[in-house]
Amino acid sequence: MINEHKHEAVLNTLGINKKTLIGFGMEAFVYKYDEQRVLKIYNSDMTSASKQHTLKNFYNVLDISNVNIELPQIEQIMEINGTIVTIEKLINGRNMREAIENSPEEKIEKLMKNHLLALLKTRDVNIQGAFKGIKLFHEADVPESNDWYQYLHNLLHYQLSKVEPYLQEYVERFNEKVDALFRALSGDYTGKYTLIHGDFCPENILVNSNCEVTGIIDFGLMTMQGDFLFDVATGWLFFDMYDQYTFDFKTKYLNLVIKTFGEKVKSKIFLYVLLYSIYSVNFYSDDFSDGHADWCIRNLNDQNLWKEVEFDN
């Protein structure tokens with residue numbers, strides 16, 4: 001958590017009133033700085049000045065002239081009393097998660113459709129010069145590759161070196177499943193390379209009062225260039241990871257995806273969900289004691305997902 005004393009010291013130093021709080025998440029608290037900008041105060045465990053400079057340069061290179069959705073712009077990066085602080089462009093709207101809460105089904109379905117529409121629009125973002133390889137924040141121990149599938153293969157091998165003992169214990173037929181994933185990534189990727197946000201969840205999508213998407217925020221750890229269906233796959237399940245809604249997001253969003261792209265995409269969608277469940281199982285806890293790790297294990301034991309992957313059931 002953010003150190004409260006350091007947090008207050010930053011606000012006092014910059015003359016920001018606590019009441020201007022816009023929102024907060026695992027990484028940062030966001031305050032209104034002025035009419036055009038926001039102030040973000042980061043949890044020191046979640047970022048660094050180096051990471052913010054990488055994001056600043058990344059955002060500056062992205063060309064969104066063909067996309068009517070705003071993306072972040074970092075104007076200034078500071079360190080105040082050991083706390084990383086940024087001043088960024090204000091993007092109007094509230095996050096889609098807030099818009100979903102206590103809304104009628106008709107409005108939720110509209111938000112869901114606009115979520116997918118916004119995801120499709122990210123394919124039109126010009127990413128030339130934005131990436132040195134596949135992943136924005138590349139792990140030094142993962143061999144580089146300019147091929148999407150080969151990089152996912154390398155990332156899977158690296159991640160298994162860290163989490164395999166845990167997955168061996170809780171994932172049924174683990175070795176067979178891992179072999180199936182490596183087989184699925186054995187060929188060359190021949191599709192288009194487009195922007196992948198990596199965390200296309202409702203919290204990172206801003207909407208206006210008409211449920212239209214105005215902005216996409218918080219690129220970071222899993223931001224890559226490659227197959228846009230990776231964002232479709234993870235975005236599908238991010239709507240309701242912990243079964244908190246009566247609205248059946250899992251079925252209705254998947255039906256929307258199939259209606260948009262056809263049945264043929266199911267195998268890739270399910271493959272990317274399974275891969276993400278291994279890549280991210282230790283994102284929030286090294287001892288796998290959090291709800292996200294449990295979610296990942298449920299996915300890896302879901303036979304409905306494996307049916308679409310080359311796997312001997």
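Located above this text is the structure these notes cover.
Conventions and cut-offs
- Residues numbered from 1 in each chain as written.
- Predicted model: local features only at pLDDT ≥ 70, side-chain atom pairs only at ≥ 80, totals over all residues.
- Heavy atoms only, no water.
- Helix = DSSP H or I, 4+ residues; strand = E, 2+ residues; numbered from the N terminus.
- Rg over C-alpha atoms; globule rule 2.2 N^0.38 Å.
- Buried < 20%, exposed > 50% of the residue type's maximum accessible area, 1.4 Å probe, protein only.
- Pairing = 2+ DSSP bridges.
- Axes fitted to C-alpha atoms, helices over the stretch in contact; angles between N-to-C directions.
- Contact = heavy atoms within 4.5 Å.
- Core = buried A, V, L, I, M, F, W, Y, C linked by side-chain atoms within 4.5 Å.
- Expected span 1.5 Å × (residues − 1).
- Phe/Tyr/Trp six-rings, centres within 6.5 Å; stacked < 30°, edge-to-face > 60°.
- Polar contact = N/O pair within 3.5 Å; in protein donor to acceptor, adjacent residues only side chain to side chain.

**A word on the overall build of the protein chain**
A tally of helices and strands in the protein chain yields 11 helices and 10 strands. The C-alpha atoms of the protein chain give 20 Å as radius of gyration, which agrees with the globular expectation for 313 residues (20 Å, within 12%). The principal-axis extents of the C-alpha atoms in the protein chain amount to approximately 60 × 45 × 40 Å. Taking all 313 residues of the protein chain together, the buried fraction comes to 53%.

**A closer look at the sheet that holds strand β3 (residues 37-42)**
Pairing is antiparallel across the open sheet formed by five strands, whose spatial order is β1-β2-β3-β5-β4. Every interior strand has two partners, whereas the edge strands, β1 (21-24) and β4 (74-80), have only one. On average, adjacent strands in this sheet sit at an angle of 20° to one another, irrespective of strand direction. Here five bridges tie strand β2 (residues 28-32) to β3, and the two strands are oriented antiparallel to one another. Of the residues in β3, the one forming a bridge with F29 is I41. Sitting on the sheet, helix α1 (residues 4-14) is in contact with β2, β3, β4 and β5 (83-89), with an inclination near 150° to β3. Strands β3, β4 and β5 of the sheet are contacted by helix α2 (residues 49-61), whose axis makes an angle of about 175° with β4.

**A closer look at the sheet that holds strand β6 (residues 94-95)**
Taking strand neighbours across the sheet as the criterion, the three strands line up as β6-β8-β9 in an open arrangement whose pairing is antiparallel. Here the strands that pair on one side only, and so sit at the sheet edges, are β6 and β9 (213-216). Bridge count between strand β8 (residues 205-207) and β9: three bridges; the pairing is antiparallel. Pairing of I205 across the sheet is with I216, part of β9. Helix α4 (residues 105-121) rests against β6, β8 and β9 of the sheet, and its axis sits at about 50° to β9.

**A look at the nonpolar core**
The biggest cluster of nonpolar side chains holds 98 residues, and the ones touching the most others in it are W148, L167 and Y272. By residue number, the principal contributor to this core is helix α5 (residues 148-170), which donates 11 residues. Once residues lying within four places of it in the same chain are set aside, the contact partners of W148 are I134, Y189, Y193, I196, M224, Q225, G226, D227, F230 and Y272. If you look at the next biggest cluster of nonpolar residues, it comprises 11 residues, including V10, L39, I41 and M78.

**Some thoughts on helix α8 (residues 249-261)**
With 13 residues, α8 extends 18 Å from end C-alpha to end C-alpha; this agrees with the ideal 18 Å at 1.5 Å per step. If you check which residues of α8 are buried, you get F249, Y253, L254, L256, V257, I258 and F261. Contacts made by the buried residues of α8 are with α3 (96-100), α4, α7 (229-238) and α9 (266-279). Just downstream of α8, G262 is the residue with a positive phi angle, here 95°.

**What about the packing of aromatic side chains?**
For the structure on display, the rule yields 24 aromatic pairs. Ring geometry for W148 against Y272: centres 6.0 Å apart, planes inclined by 70°, an arrangement best described as edge-to-face. You can see W148 sitting in helix α5 and its partner Y272 sitting in helix α9, a full 124 residues away along the chain. Residue Y272 is classed as buried on the basis of its relative accessible area of 0%. Here the aromatic cluster, defined as three or more aromatic residues joined through ring pairs, consists of W148, F230, F238, Y272, Y276, F283, Y284 and W295.

**So, the side chain of S280**
Mapped onto the fold, S280 is located in the loop between α9 and α10 (291-300). On the basis of relative accessibility, which here comes to 0%, the residue S280 falls in the buried class. The contacts of S280, once residues within four sequence positions are left out, are H292 and C296.

**A few points about the environment of E35**
The residue E35 is located in the loop between β2 and β3 in this model. Between the C-alpha atom of E35 and that of F288, which follows or precedes it by 253 residues, the distance is 41 Å. Side chain to side chain, E35 and K32 meet in a polar contact 3.1 Å long.

That is the geometry; function is a separate question.
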